[in-house]
Structure formats: structure tokens, C-alpha cells
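# Architecture at a glance
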Amino acid sequence: MGLVYLKDVTTLTLHPEKCIGCELCTQVCPHLVFTMENKKARIANKEACMECGACATNCPAAAISVHSGVG
Amino acid sequence: MKKENSCCSTPCCDATESLEPSAHPNRNTDFPWVLEEMDTPIGKIPKIKTQTEFADTLGAIAVRLGINRSNYRINPGLYAVGNPNDLSPVLVTANYKLTFDSLRKELSKQNLWILVLDTKGINVWCAAGKGTFSTDELIKRINLVQLKNVISHKTIILPQLGAPGVAAHEVSKHTGLKVSYGPVYARDLPRFLNNELKATTDMRKVHFTLKNRLTVIPVELKVVLKVLPILFTLLFIFNLISPGEINFSRVFLQSANNLIPYAISIALGTLGIAALLPYIPFRSFAAKGLLLGLAWAALAVRYHGTFNFPENTLIVAANILFLTSITSFSALNFTGSTTYTSISGVQKEMLYTIPLIAVATLLGLGLVITYKIMLFTG
């Protein structure tokens, strides 16, 4: 479905050098923002990010940061 | 609107602390959704029905209309579905009754455990955002019900939308249990359970269908409709201030008639936005609202007389400003009920929309006051 919010607003950042390839971010993101590439996470669809914070909270390597609201 | 304390920005989520579950006087079997009690290593626990009943449907409708919404909850703790044993899966969920119902009705023919967290009667996603569906509560609840005395395996299944509140690696560190994130929607659970606890991509994505969008409307509307009496009072005062003899019943009727286009502009900003969301141009909600508001304002001033407004350019202009401001603001407010807007985006929108709305409103007031002065002097 074509519901996409504003461009270039999300505060989502991924630090690939810290990524350990656990794939958890790809499992918890409700908007399929992440994909795996060469055993590392990559932000494939940044515009779809709603800053829920699930990825950052669940990243065991603290490789993701996002300023999330309460929902 | 997605303020820092929102997600479901409406009063829903400010649930009160009343009815502390442990103090609940009822026995398990008094609850209509409990089938019987089951003996387990941790004592008797309630075995629940996997079919919802008429009373559940009625309760759900009431809650959607905003009745008893902040206190529609079940007791936290461990529940059984079917005939689970130590190898059966464990599903974790929230203690909002609507959540519990939508989960259990997907579990017919399953044998498993359900661990209900105390989320203060709030659904999984909102509770995860607010910190009640949390790492701490999960660890606490696992220990409280002595889950490890019931199961011999090491996996617990969480709803994917609980992920913003729970750090899987922390749970693992403190309890030795592994968190497996299940699908977004309970309806996909049977497929997930049959698929070695692997969710497919389609199970991972949250949607915002027409049905979802319309479901949140009554509660949204209820909040917004509270402004109608205020608008009516303002219109009434405006209409009272006029030269000549004052006829209260005439002023009352005129004000009621004046209120109609305003009520419609609010409805458009909520119901209209919700229903037509994917079809209205612009990504910005304020802009979507502005567009709808302008369209409606054009129509409303075309039939100015029908709504009992004076045929005066100043009043026409003021009405256009007010009507579009209201629709735009209502639309912006609706972001709090969506499943895809980000806090940064909403803040950006507010940054330029709120000043514009303020200016438009002040300008409108200026026009109205000018009109009144002209009435008295001219």
C-alpha cells in the first residue's frame, strides 16, 4: 500500500561497522525498513521508518539509533 | 497528534490504576472466557475458551465507542489453551481484553501457554511505546508465574509489535529464555507456529487498511466533538453582538445553523481523512486537511445563506480561514492514530502548521471584529 509519510525526516541511523548480522532488526521492523546484505543489515527503505524504536531497542550490538516517540 | 506522550493520542491510553488485578475478588472460573481450571506444577491456572461470545462482541463495540475503554482488562498471569505440556509454546500478550480476545480466537485446536503481562489494559503496540509492555515487566512476570517450572524448553514468543518495548537480548540475559518475535497479527499465528517459528515477510508488515482506519474514528470523533459546544458558544456570542433588538431564540437557532459547516469541517478532518487517506494528495497530514478544508469551505460559502451567515465578504473570508484551519488541525491530530507516521515528521509538520493556523485564526477574528464594528457604525 502506498501510505508513506514525509521525506527525509526520520532520525534512524545504522552503524554498519557495529552490526553483528543477527537479523533481529529485519524481524522487528513493522515497515520492512531493513534488509540483509553480505551478512550485514542495510537500511533499504528509510522513508518507511516511523521511529517506533523496535530495531534500536533490540539491537544487541547497539548499532542502530533512532529518536523514537511513544508510539 | 504524536506528542511525546501519545501513540493513540486519545485519552484511551491514560488508563487509571484502579482495579489492581491481584486484588480482584473473583475466582478464575467466574470469568466467562475461562473454560475450566487446569492443574500445573505452579498450581491451578485458568484454561481459556478460543471462541469469543456475544458478551465479548458487545464489550468490543462499547470499547470502540469509548465506553469503559481505559478499564477493559484481564488479570495478568499464565493461561492455558487446549492441553499444553512442558514442550508447548508460550505466547506473550497484553492484558487489554480486546487484545486478549483477538489472540485467543485465533488459537482453536492449539495447545499452548499464554503469558499475559500487566500493560494496564493497553494494547501491545501502544504499551510497548509507553513502557508497560517492557523488558522489566516481562522478566518480572516470567519469575512471578514461575514459568520455568511449567516449561522445559527455552523459547517465548512475543508479538512483533511488542518489540519497541522489549530488548530480546536483555530478557535472555536475565531469564535464560530466548525471545522469538512472532507475526504482527494474531491471525498469522497458526501459520507461524506450523512454520518452526519463522515469520514470512508478509507477517512482518503492519497495515493501515480502510477497516483499521475507520475503527479508530469513533474515539477520535468523541474527542474532537468536545469542541462543538465551545464553537457554538463562540458563534452565539458573535451573533448576540448586533445592533438592534436581541431575540434569544432567533440567535440560538442562527448559531445552531452556523455550527453545521463547522461540525462538517471537523468530521472531514477525522472521518474524511481516515476514509480517503491514500487518495488525498500530499504526504503531510496538515496539507491533506488543508485541501479537504478548502474544498469544503468553497462549498460552504457558496451556500452561505443556507447556513444563516450574512452575505458579507468579510464573513465569507473569515469562514474560509476558520473552516480550513479546523480541518487541517483535525487532520494533523489524526497522525496519532496512524500506523506509519513518525514523531520527527509530526514535529516538522507542527512547526509550520501551528503558526499558520494561529495566523489564520487571528486574521479571521480580525475580519469578524471589523464586520461587527462596521455594523454598529455603518
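Not measured: the values here are computed from a predicted model. (Residues numbered from 1 in each chain as written. Chains lettered and ligands numbered in written order. Predicted model: local features only at pLDDT ≥ 70, side-chain atom pairs only at ≥ 80, totals over all residues. Heavy atoms only, no water.)

Attention shifts here to the overall build of chain A. Counting its regular elements, chain A contains two helices and four strands. When its C-alpha atoms are laid out on the principal axes, chain A stretches across 30 × 25 × 20 Å. Here chain A, with 71 residues, has 46% of them falling under the buried criterion. Taking all contacts inside chain A whose residues are at least 6 apart in sequence as the whole, residues at least 24 apart take part in 49%. Carbon and sulfur atoms make up 51% of the accessible area of chain A, which amounts to about 3400 Å² in all. Side chains of chain A give 6 positive and 6 negative charges; the mean places of these two sets differ by 5 Å. (Helix = DSSP H or I, 4+ residues; strand = E, 2+ residues; numbered from the N terminus. Buried < 20%, exposed > 50% of the residue type's maximum accessible area, 1.4 Å probe, protein only. Contact = heavy atoms within 4.5 Å. Areas by Shrake-Rupley, 256 points an atom, 1.4 Å probe, with all protein chains shown as cover. Lys, Arg positive; Asp, Glu negative; His and termini not counted. Charge placed at Lys NZ, Arg CZ, Asp CG, Glu CD.)

Here we take up helix α9 (residues 217-225) of chain B. Along α9(B), the residues that are buried comprise Ile217(B), Val219(B), Glu220(B), Leu221(B) and Val224(B). Packing partners of the buried residues in α9(B) comprise α1 (54-64), α8 (210-215), α10 (228-240), α11 (248-276) and α13 (313-333) of chain B.

Further remarks concern the packing of aromatic side chains. This model, assessed by the stated rule, comprises 13 aromatic pairs over all chains. Seen from their ring centres, Tyr5(A) and Tyr340(B) are 6.3 Å apart, and the 90° between their planes marks the pair as edge-to-face. With Tyr5(A) in the segment before β1 (13-14) and Tyr340(B) in the loop between α13 and α14 (343-377), this residue pair bridges two chains. We note that Tyr5(A), like Tyr340(B), is buried. (Phe/Tyr/Trp six-rings, centres within 6.5 Å; stacked < 30°, edge-to-face > 60°.)

All names here are of chain B. As for its placement among the helices and strands, Thr175 is situated in helix α5 (residues 168-175). Polar side-chain contacts of Thr175 include one of 2.7 Å to the backbone oxygen of Val171. If sequence neighbours within four positions are ignored, Thr175 has contacts with Ile139, Ile142 and Lys148. (Polar contact = N/O pair within 3.5 Å; in protein donor to acceptor, adjacent residues only side chain to side chain.)

Residue and element names in this part refer to chain B. When the pLDDT values of chain B are averaged, the result is 89; 93% of them are 70 or greater. Note that pLDDT drops below 50 for residues 1-7; the model gives that stretch 34 contacts with residues more than four away or on any other chain. Contacts from residues 9-25, a stretch scored under 50 in pLDDT, to residues over four places away or in other chains number 32 contacts. (pLDDT = per-residue confidence, 0-100.)

For the rest of this paragraph, the subject is a nonpolar patch on the surface. On the surface, Phe54(B), Leu58(B), Ile61(B), Leu65(B) and Ile67(B) cluster together to form a nonpolar patch covering roughly 530 Å² of accessible area. Of the residues examined, Ile61(B) reaches a relative accessible area of 47% and is grouped as partly exposed. (Patch = residues over 30% accessible without salt bridge, like charges linked within 9 Å, V, L, I, M, F, W, Y side chains within 5 Å. Salt bridge = Lys/Arg side-chain N within 4 Å of Asp/Glu carboxyl O.)

For the rest of this paragraph, the subject is the domain arrangement of chain B. All names here are of chain B. Domain parsing of chain B yields domain 1 (11-206) and domain 2 (211-377). If you average the C-alpha positions of domain 1 and of domain 2, the two centres end up 42 Å apart. Contact with domain 1, which involves eight residues of that partner, is made by six residues of domain 2. With both sides pooled, the region where domain 1 packs onto domain 2 buries about 630 Å², and carbon together with sulfur makes up 64% of that total. Taken together, domain 1 and domain 2 are joined by zero salt bridges. Where domain 1 meets domain 2, there are zero residue pairs in polar contact (both at pLDDT 80 or more). Taken together, the residues of the side of domain 1 that touches domain 2 break down into five nonpolar, one polar and two charged. (Domains from an automatic or database assignment. Buried area = accessible area lost by both parts, 1.4 Å probe. Nonpolar A, V, L, I, M, F, W, Y, C, P; charged D, E, K, R; others polar.)

Moving on, we come to the interface of chain B and chain A. Counting from both sides, the interface comprises 40 residues of chain B and, opposite them, 32 residues of chain A. Contact between chain B and chain A buries roughly 3100 Å² in total, counting both sides, with carbon and sulfur atoms accounting for 62%. Seen at the junction of chain B and chain A, the total is one salt bridge. Note that Glu47(A) and Arg283(B) form a salt bridge whose closest N and O atoms lie 3.0 Å from each other. Across the contact surface, chain B and chain A share 16 residue pairs in polar contact (both at pLDDT 80 or more). Those elements that place two or more of their residues in the side of chain B that touches chain A are α3 (124-130), α5, α7 (201-204) and α14 of chain B. In the side of chain B that touches chain A, the residues fall into 18 nonpolar, 14 polar and eight charged.

Residue and element names in this part refer to chain B. Two numbers describe how α13 lies on α14: the axes approach to 9 Å, and their chain directions differ by 155°. Relative to α14, α13 is oriented roughly antiparallel. Here α13 runs over α14; the crossing is left-handed. When its residues are assigned to classes, the contact of α13 with α14 shows 18 nonpolar, six polar and one charged. (Axes fitted to C-alpha atoms, helices over the stretch in contact; angles between N-to-C directions. Parallel < 35°, antiparallel > 145°, perpendicular 65-115°, else oblique. Left-handed = near helix turned anticlockwise from the far one by under 90°.)

We now examine the pattern of salt bridges. All names here are of chain B. Taken as a whole and judged by the stated rule, the model has 16 salt bridges over all chains. Linking Asp39 and Lys44 is a salt bridge whose minimum nitrogen-to-oxygen distance equals 3.3 Å. Grouping residues by exposure puts Asp39 and Lys44 together as exposed. In this structure, the salt-bridge partner of Asp101 is Arg104, at a minimum N-O distance of 2.8 Å. Of the two residues, Asp101 and Arg104 are both situated in helix α2 (residues 97-104); the distance of three residues between them amounts to about one turn of the helix. We note that Asp101, like Arg104, is buried.

Counting residues in hydrophobic clusters, the biggest one holds 56 residues, and the most contacted among them are Trp113(B), Leu115(B), Phe133(B), Leu138(B), Leu147(B), Ile156(B) and Leu158(B). One finds Val224(B), Tyr262(B), Ile266(B) and Ile326(B) within the second-largest nonpolar core, a separate group that totals 23 residues. (Core = buried A, V, L, I, M, F, W, Y, C linked by side-chain atoms within 4.5 Å.)

Turning our eyes to something else, we now look at the environment of Val206(B). One can find Val206(B) in the loop between α7 and α8. For Val206(B) and Thr339(B), which are 133 residues apart along the polypeptide, the C-alpha to C-alpha distance reads 7.3 Å. Not counting the four nearest positions on each side in its chain, Val206(B) is found in contact with Pro30(A), His31(A), Trp125(B), Leu161(B), Val184(B), Tyr185(B) and Thr339(B).

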